[in-house]
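Observations on the model geometry
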Amino acid sequence: MADIATHEPDHAVDHGHHSSTGLSNNKLAMWLFLGSECLLFGGLISTYMLYRGRVQNGPHPSQIYDIPFTSVSSFVLLMSSLSMVLAVSSAQRKDDSKTNLWLMITALLGATFIGGQVYEFTTFYREGLGFTTSLFSSSFYSLTGFHGVHVSLGVVMLLSLRGIIKKGKITGDKAEVVELIGLYWHFVDIVWIIIFTLVYLIPS
Amino acid sequence: MTTDTETHEDLHEHGMSDAGYIKIAVILALITALEVSTYYVDFGPLFMPALLIMMVVKFVMVVSYFMHLKFDSKMFSFLFYTGLGLAIFVYCTFLATFKFFIA
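One structure accompanies this document, and this report is about it. (Residues numbered from 1 in each chain as written. Chains lettered and ligands numbered in written order. Predicted model: local features only at pLDDT ≥ 70, side-chain atom pairs only at ≥ 80, totals over all residues. Heavy atoms only, no water.)

1. Describing the overall build of chain B
Scanning chain B for helices and strands turns up 4 helices and 0 strands. Along chain B, from the amino end to the carboxyl end, the secondary structure elements read α-α-α-α. The proportion of buried residues among the 103 residues of chain B is 37%. A sequence separation of at least 24 residues applies to 43% of the contacts in chain B between residues at least 6 apart. For chain B, the accessible area works out to roughly 6200 Å², and carbon and sulfur atoms hold 73% of it. (Helix = DSSP H or I, 4+ residues; strand = E, 2+ residues; numbered from the N terminus. Buried < 20%, exposed > 50% of the residue type's maximum accessible area, 1.4 Å probe, protein only. Contact = heavy atoms within 4.5 Å. Areas by Shrake-Rupley, 256 points an atom, 1.4 Å probe, with all protein chains shown as cover.)

2. So, the interface of chain A and chain B
On the chain B side, the residues contacting the 45 residues of chain A number 44 residues. Contact between chain A and chain B buries roughly 4100 Å² in total, counting both sides, with carbon and sulfur atoms accounting for 79%. Three residues, W31(A), L50(A) and R93(A), lead the burial of chain A against chain B; their summed loss comes to 16% of the area buried on that side. Taken together, the links from chain A to chain B amount to 2 salt bridges. The salt bridge partner of D72(B) is K27(A), with a shortest N-O separation of 2.7 Å. Examining the composition of the side of chain A that touches chain B, we find that 14 residues originate from one element, helix α2 (residues 25–51) of chain A, more than from any other. The residue inventory of the side of chain A that touches chain B, partitioned by class, reads 28 nonpolar, 12 polar and 5 charged. (Buried area = accessible area lost by both parts, 1.4 Å probe. Salt bridge = Lys/Arg side-chain N within 4 Å of Asp/Glu carboxyl O. Nonpolar A, V, L, I, M, F, W, Y, C, P; charged D, E, K, R; others polar.)

3. Thoughts on the nonpolar core
Ranked by size, the top nonpolar core spans 85 residues in total, and within it Y65(A) and F80(B) carry the most contacts. For this core, the elements supplying multiple residues, two or more each, are α2, α4 (67–92), α5 (96–126), α6 (135–167) and α7 (174–201) of chain A together with α2 (18–40), α3 (47–66) and α4 (74–97) of chain B. Counting residues per element, this core draws most heavily on α7(A), which supplies 20 residues. Beyond its immediate chain neighbours, meaning those up to four positions away, F80(B) contacts W31(A), L34(A), G35(A), C38(A), F187(A), I190(A), F59(B), V63(B) and L69(B). (Core = buried A, V, L, I, M, F, W, Y, C linked by side-chain atoms within 4.5 Å.)

4. Points about α5(A)
Note that an α-helix has 3.6 residues per turn; residues three or four places apart therefore point the same way. All names here are of chain A. An ideal rise of 1.5 Å per residue puts 45 Å on 31 residues; α5 measures up with 45 Å between its terminal C-alpha atoms. Here α5 has its buried residues at T99, N100, L103, T106, A107, G110, F113, I114, G116, Q117, E120 and F124. Here the buried face of α5 lies against α3 (61–64), α4, α6 and α7. The first or second residue beyond α5 is G128, which carries a positive phi of 100 degrees. (Expected span 1.5 Å × (residues − 1).)

5. Topic: the pattern of salt bridges
Counting across every chain of the model gives 5 salt bridges over all chains. D18(B) is paired through a salt bridge with R93(A); the nearest N and O atoms lie 3.2 Å apart. Remark: R93(A) occurs in the loop between α4 and α5 and D18(B) occurs in helix α2; the pair is interchain, linking two chains. Residue classification places R93(A) among the buried positions, given a relative accessible area of 13%. Put simply, K174(A) and D96(A) hold a salt bridge, and the shortest N to O gap is 2.8 Å. Highlighted residues: K174(A) in helix α7 and D96(A) in helix α5, separated in sequence by 78 residues.

6. Concerning the packing of aromatic side chains
Residues and elements named next belong to chain A. The full count for this structure, using the stated rule, is 28 aromatic pairs over all chains. Aromatic side chains Y48 and F140 sit 6.5 Å apart centroid to centroid with 55 degrees between the ring planes, which places their arrangement in the tilted category. With Y48 in helix α2 and F140 in helix α6, this residue pair connects regions lying 92 residues apart in the sequence. Among the residues examined, Y48 registers a relative accessible area of 1% and is labelled buried. (Phe/Tyr/Trp six-rings, centres within 6.5 Å; stacked < 30°, edge-to-face > 60°.)

7. Considerations on the packing of α4(A) against α2(B)
Contact geometry for α4(A) and α2(B): axes closest at 10 Å, N-to-C directions at 170 degrees. On the basis of their axis angle, the class for α4(A) and α2(B) is roughly antiparallel. Across the interface between the two elements, I67(A), P68(A), S71(A), F75(A), L78(A), M79(A), L82(A), V85(A), L86(A) and S89(A) of α4(A) pack against D18(B), Y21(B), I22(B), A25(B), L28(B), A29(B), T32(B), V36(B), Y39(B) and Y40(B) of α2(B). Partitioning the contact of α4(A) with α2(B) into residue classes produces 16 nonpolar, 3 polar and 1 charged. (Axes fitted to C-alpha atoms, helices over the stretch in contact; angles between N-to-C directions. Parallel < 35°, antiparallel > 145°, perpendicular 65-115°, else oblique.)

Structural data, given as structure tokens:
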């Protein structure tokens, strides 16, 4: 009994806090959070699908979408998922320098995607598509804007994580912390996979 | 270049090596290129089903391999796919209420 009491805290520190299922509580919480995020983006996507034809006097989606530009943005975000998974892989090999490098690359790719979105929003606004121009514009900006906020938060998390790793301030399982941020990052990528197809490639 | 030790650790932790992740990324990039090609090439009646299938394939590949659901506990898959399934059900019902699926 005494042995168990002595060993349990060590196990928790080395591999994160575990539940009675033997699984990490942190990972369970993250997957539950991502499951709930499906409901958030489901609402935004379905609202867009419903209103995408309601353009009133504003420009029509086919008049303003720049598919080659958005395709490049999509490719950038897709490649950021690769760099993120390589960061997780490096963290699990306890290779801090490579982990930092891949985290930095992921953050840069994410920032590039956000830069592209800011450029796209600015262009659309100049072409007469404001937030309140039509039901289409409101639902479009809400959906892609919420996604952009998620990516921006992801970039902040990646840069913070990089700083924390460099200062050696992570007390538990470092690889698990990187993996948790990675799960969030991949989630914003899969949401974009859906947005890219349903919003940009399928005409209204 | 990966050593035997690295490969062993990769397989132990993720079920895939770094080279495996790169292969998955190349496949995802090719599918994206194919998706974009539907904007320029007329696929006729296959346009919509092809796009939706490619979207689902990309989604499943990222979730299974990059997010490790294929190699992780089934509990994580249950939590995520329950949320996803609930979202699809709720919002398809919502769209059906507004007669979205009626041409």
